[in-house]
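Residues per chain, in single letters:
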Amino acid sequence: MSQLLQEIESLRRPMKELNDFFFDHPELGNEEFLAHGKLTELLEGEGFTVEREVSGLKTAFRAIYDVAGGGPKIGLLCEYDALEGLGHACGHNLQGPSICAAAIGLKRTLTAPCTIVVIGTPAEETASGKLVMAKDNVFDDLAVAFMMHGSDTTTVDGKSLALNLVNIKFHGKSAHAAIAPEKGISALDAVLLFFNGMEYLREHVPTEVRMHGIITDGGKAANIVPDYACTQWYIRSSSRIRLNEVVDRVKQVAQGAAMQVGATMEWDEVKAYDNKVNVQTLNDILLKNAEKVGAPEISEPRKVTGSTDFSSVTFRVPGACLRVKFVGKGVTSHSQEWLDNGKTQLAEDAIMYGAKGIALTVEEILTTPGLLEKIQADFQESKSNY
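What counts as what
Residues numbered from 1 in each chain as written. Predicted model: local features only at pLDDT ≥ 70, side-chain atom pairs only at ≥ 80, totals over all residues. Heavy atoms only, no water. Helix = DSSP H or I, 4+ residues; strand = E, 2+ residues; numbered from the N terminus. Rg over C-alpha atoms; globule rule 2.2 N^0.38 Å. Contact = heavy atoms within 4.5 Å. Phe/Tyr/Trp six-rings, centres within 6.5 Å; stacked < 30°, edge-to-face > 60°. Buried < 20%, exposed > 50% of the residue type's maximum accessible area, 1.4 Å probe, protein only. Pairing = 2+ DSSP bridges. Axes fitted to C-alpha atoms, helices over the stretch in contact; angles between N-to-C directions.

### Regarding the overall build of the protein chain
Right, so step 1: Check the secondary structure of the protein chain and you find 12 helices and 10 strands.
Right, so step 2: Relative to its length of 386 residues, the protein chain is compact, with a C-alpha radius of gyration of 23 Å against a globular reference of 21 Å.
Right, so step 3: Counting only C-alpha atoms, the protein chain reaches 80 × 45 × 40 Å along its principal axes.
Right, so step 4: Contacts in the protein chain between residues at least 24 apart in sequence constitute 80% of all its contacts with a sequence separation of at least 6.

Here you go:
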């Protein structure tokens, strides 16, 4: 076993204890103060220079260590927020321990010049801290970025969908629906017309586009013309460029629906993810090293995925997420069975497999002449195809 892997293995017990602490103390997005404190104290104790607030986010952090005078910036990202009512049913308790084990192992053993940058990204499940940080250019100077996540097989993401989440609000005029309906302007009518318009639009968008929505507010009582109604929609595509075009058309449908009834339309964008830019070279190296360290059930990159705020990192710099098996095949995240595995031996092993696979990949990139340049060139070529 190499010195790098030995150093990571020596961290098994404290990382398991850290995992268990996170699991037993779940915190919601932007409220992860206990996790934030534990992670920053650990890294500061290892000699990292720690910035405890990033982009105005009190539970984000950035920890930096220059190896041999510094060099290419290697980003190691982790999440640590939990789900409301379900705790760590997405496995974010695994990420901080795994990423910190990789960072510490690399810091202790690397001789190639580089800068290790551990970035804590809060609120993945809700407000999406990475989006705030991406807009603040936090990731733009990274040479490459990595994440770890629990999974039902060991794999990487082949793609992810760009996403816009919007609340479309219609404002009309209330009136008594029986006595003076002619004095009212129904915001609900605008919503219903908008839904009809979206059904017609579906015929004229690319096949891979996904559009799905609900009515979140349809009025207060059946005998009152609704002066306000709201519908929430997710609009997705494998390409941010194509998605921007589709979103513009959705907005036109909403404006048209409002005009038909005399209402006004308010467009409230909640958040927007970019699509993942897939760098096959990076995925191949990461899976090869995961197999080398014995990670179980290596499988092909995921072909069907949803959306993630990590994609807004990989849209800017070459990046990959190593997903490590720790639950049974077919078990989905955000489930009780996923939660039940959070403190098991499988979870402990996944932390180590993730740390070792990522650390070996970083070591290989830094010690193989021309490899980082190839990864960055592949990234630029892949991005140009979207």
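So much for the structure itself; the text now carries on.
### Observations concerning the packing of aromatic side chains
Right, so step 1: In this structure the tally under the stated criterion is 8 aromatic pairs.
Right, so step 2: Plain terms: the ring middles of F170 and F194 are 6.3 Å apart, the flat faces sit at 50° to each other, and that makes the pair tilted. Placement of F170 in strand β6 (residues 162-171) and of F194 in helix α6 (residues 187-201) is noted, with a sequence separation of 24 residues between them. The two residues F170 and F194 agree in class, both being buried.
Right, so step 3: Here F194 and W233 contribute two aromatic rings whose centre-to-centre distance is 5.6 Å and whose plane-to-plane angle is 85°, an arrangement assigned as edge-to-face. Taken together, the residues span a long stretch of sequence, with F194 in helix α6 and W233 in strand β8 (residues 228-237) at a distance of 39 residues.
Right, so step 4: Take W233: its relative accessible area is 2%, and that puts it in the buried class.

### Digging into the sheet that holds strand β10 (residues 319-325)
Right, so step 1: The strand order β1-β2-β4-β3-β5-β10 describes an open sheet built from 6 strands, whose pairing is mixed. At either end of the open sheet lies a strand with only one pairing partner, and these are β1 (49-51) and β10. Neighbour-to-neighbour, the strand axes of the sheet open up by a mean angle of 20°, direction not taken into account.
Right, so step 2: Two elements, strand β2 (residues 61-67) and strand β4 (residues 114-120), share 7 bridges in a ladder whose sense is antiparallel. If you follow F61 over to β4, its bridge partner there is G120.
Right, so step 3: Here helix α3 (residues 33-45) sits on the sheet in contact with β1, β2, β3 (73-78) and β4, set at roughly 15° to β2.
Right, so step 4: Along the sheet, helix α8 (residues 280-292) contacts β5 (144-151) and β10; its crossing angle with β10, the most-contacted strand, is approximately 30°.

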